[in-house]
Every structure is written in C-alpha cells, then in structure tokens.
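Observations on chain architecture
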Amino acid sequence: MVRTIRFHQVGGPEVLRHEDLPVRQPGPGEVRIRVDAIGLNRSEVNFRRGTYLEQPVLPAGLGTEAAGEVLEVGPEVPRWAPGDAVSVVPAFSQNDYPVYAEEAVVPAAALVARPPGMDAVTGAAIWMPYLTVYGMVAEVVRVRPGDHVLITAASNSIGMAALQVVRQLGAVPIATTPSEGQRAALRAAGAAEVLVTAELDDLAGAIRAATEGRGADLVLDAVGGPWVEQLVRGCAAGATVIVHGGLSGQPTPLPAGRYAPVWLRRYTVFEITGDPAALRRGEHFVRAGLATGAFAPIVDRVFDFDDVAAAHGYVDSDDRSPGKPVLRVR
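Residues numbered from 1 in each chain as written. Predicted model: local features only at pLDDT ≥ 70, side-chain atom pairs only at ≥ 80, totals over all residues. Heavy atoms only, no water.

**Observations concerning the sheet that holds strand S12 (residues 235-243)**
Heads up, the rule is: The pairing criterion for strands is at least two bridges between them, as found by DSSP. Helix and strand definitions here come from DSSP, where helices need a minimum of 4 consecutive H or I residues and strands a minimum of 2 consecutive E residues; each element is numbered from the N-terminal end. With axes taken as lines fitted to C-alpha atoms, and helix axes fitted only over the stretch in contact, angles between N-to-C directions fall between 0 and 180 degrees. Contacts are assigned to residue pairs that have any heavy atoms within 4.5 Å of one another.
What the six strands build is an open sheet, ordered S10-S9-S8-S11-S12-S13; its pairing is parallel. Since the sheet does not close on itself, it has two edges, and those belong to strand S10 (193-196) and strand S13 (263-266), each with one partner. Along the sheet, successive strands turn relative to each other by an average axial angle of 15 degrees, direction set aside. Relative to strand S9 (residues 172-177), strand S8 (residues 148-151) runs parallel, the two being bridged by four bridges. Following the sheet pairing, histidine 148 is matched in S9 by valine 172. Its contacts with the sheet put helix H5 (residues 203-210) on S8, S9, S10, strand S11 (216-221) and S12, and the angle it makes with S10 is roughly 170 degrees.

As structure tokens, then:
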C-alpha cells in the first residue's frame, strides 16, 4: 500500500485526501516508479475543480509531472531498467495515470532520463515548461533572431522558461504581468520590456510601443479569453498568436473588426509529448540549453506531501512568486 492523493468530489483544496492504496504491476509499455517529487500545475487545480479540458472520473487522482526512480518495468519496455533516475512528462490523462502518490504506474513513453546530478525537485520542475515552449517556438513556428515575442502571464513556470528560450534564440522577449510586484523579477529573468496589464488602458498600443511600432511577431498566451483581441491588435502582419492556456476561465472568441492578418492557434504540450519524434527533438533541445547554462529551471516553493491542500491554494494564488511550485514526496 502506498500513500496516494485523491478527491471524491470536485471543489476546493479541502476535497483532497491522502489514502493508502495498492499499486498494480506495470503492463505492456508501462513502468512503476518511486515518486520523489511532483511538479504542480494550474491544470491540476482546474481538474480538481471540474473546470479542466476533461472531467475527473471520481474518485480521481491527480498529476502528470514527476521525478523519481524506476522500480519495475512491464513487458515491451526495452529502454528502462530498475534504478534509472527519471522524470515523467505530461503525455497522458490524469484519469489514467495519476502521479500524486508515493509510487505510480506510468507509460514508458512518458519518461525522460534525468541529467546526471540533477535532484528530484528540479527534475519535477523542468520538463513541462521547457517542452511546452520548445513546441511553440521550434515546432509550431520558427522564432528568428530579432523577432519580438510577447509572453503573457510571464511569471508562471512556462513564462519563465519562455524568457530564457526566446533570448537564447536571439529574439526579444516582452513580458506581461498583472502585478507591478513582478516587474523587477521578470526584468532580472531576461525580459526586454515588462507590461503591467493592470496599469494599461490600451494593451495593443503598449505592445506596439514596446516593439518599436511594428507589433509583436509572436504571442505566447497563457490567459485566453476576450483579451486575445487586444493581443491580435498588437501584432505585426503575418504574426502568430498561440493560446496555450486558459487562465482567464473565459471563452476565446475570434477577434472582430479590422486588424493585421495574423495566425491564431490553440496549443498544448501533448502535441510534443504525444509524438515520439517531437519529444526526442524537444528533449535534445532542453538538454543542450541546460548543458550550456542558457536554461536554468526556477523552482518557486517546495511543499511537503502532507501539505498538498496548501500547495494547491498557492498554485491558484495571485501572490505567487515566479517559477514552478513542487510537492516533495520524500
């Protein structure tokens, strides 16, 4: 029996329970891992609430991002062996392979090897943000040196990774944040400009001013909702707006009226992690950035496994610091 976090009804953090449950043996193409740390994401908060892209099958587990050690491999798993230090990347439904537990069974295809010397907390924080950004700037579009790239909600883990990746590619990262208190941290993280949206009456105009009047060449938007119209109006002709999140909680309508011709696209990290060839390319991209020091994963706060309710409250808070919160299991 292993300690597992589940919920039996949708709701706030208080619905989360620690339960002792058995772990099954891995089947074909699966591995059983010891979970040492878990990367926390807003998607789990929304899943717990019942407001995510898919509905939880109750009683439901949580999580798609973790780090630990392989304990057992199932049939048809040639790459991994017991004792391998690994990270789990989001490549499956939380209903099928939840990782909020001391041990978990996951698809072997969702594992990447942890770089030598990397601890589990960092290993649980790194892959989802950088792979998400890799997919947008290297697979969906190709960012060019000198491009102006607007990164919304830039203080979250994907935004912080995007600042590093965009600068590494020679482009100009421009960050948005709702809070003046994040300005200095985003500047220190590499943002060429920081737009504090609470202070702006004309977001599109501010984007154009920050891009020397021509507009953004690429927008990586984690917010969605009606404000996408302002993002589109702040773009250069031929730009791409990629909506990869829904922090607004509102539908994202097609903009109306006249604006420059742009591409508007939805995106999730599953486009990369669900494609073995794309995941291999993304893994090499991230490892190269780590090896040169261009990529430095930022862990925000580390919570103990017993404090999962507090951790979920923090993930959903407007007072978060930049980076990725992590739940430490052991």
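**Here we look at empty space enclosed by the protein**
Put simply, the rule is: Here a cavity denotes a set of grid points, spaced 1 Å apart and computed over the protein atoms alone, in which a 1.4 Å probe fits but from which it cannot get out, and a pocket denotes an open set meeting protein on both sides within 12 Å along at least five of seven lines; residues with an atom within 4 Å of a point are reported as lining. Grid points are joined across faces, edges and corners, and a volume is the space filled by probe spheres set on the points. When residues are grouped by polarity, Ala, Val, Leu, Ile, Met, Phe, Trp, Tyr, Cys and Pro land in nonpolar, Asp, Glu, Lys and Arg in charged, and all others, Gly among them, in polar.
Following the criterion strictly, the structure yields one cavity of 30 Å³ or more and no others. Here the largest cavity defines a volume of roughly 70 Å³. As for the largest cavity, its lining consists of Ala125, Ile126, Pro129, Tyr130, Ser157, Met160, Ala161, Gln164, Pro297, Ile298, Gly323 and Lys324. Of all the secondary-structure elements, those providing two or more residues to the lining of the largest cavity are helix H2 (120-140) and helix H3 (157-168). A per-class count over the lining of the largest cavity returns eight nonpolar, three polar and one charged.

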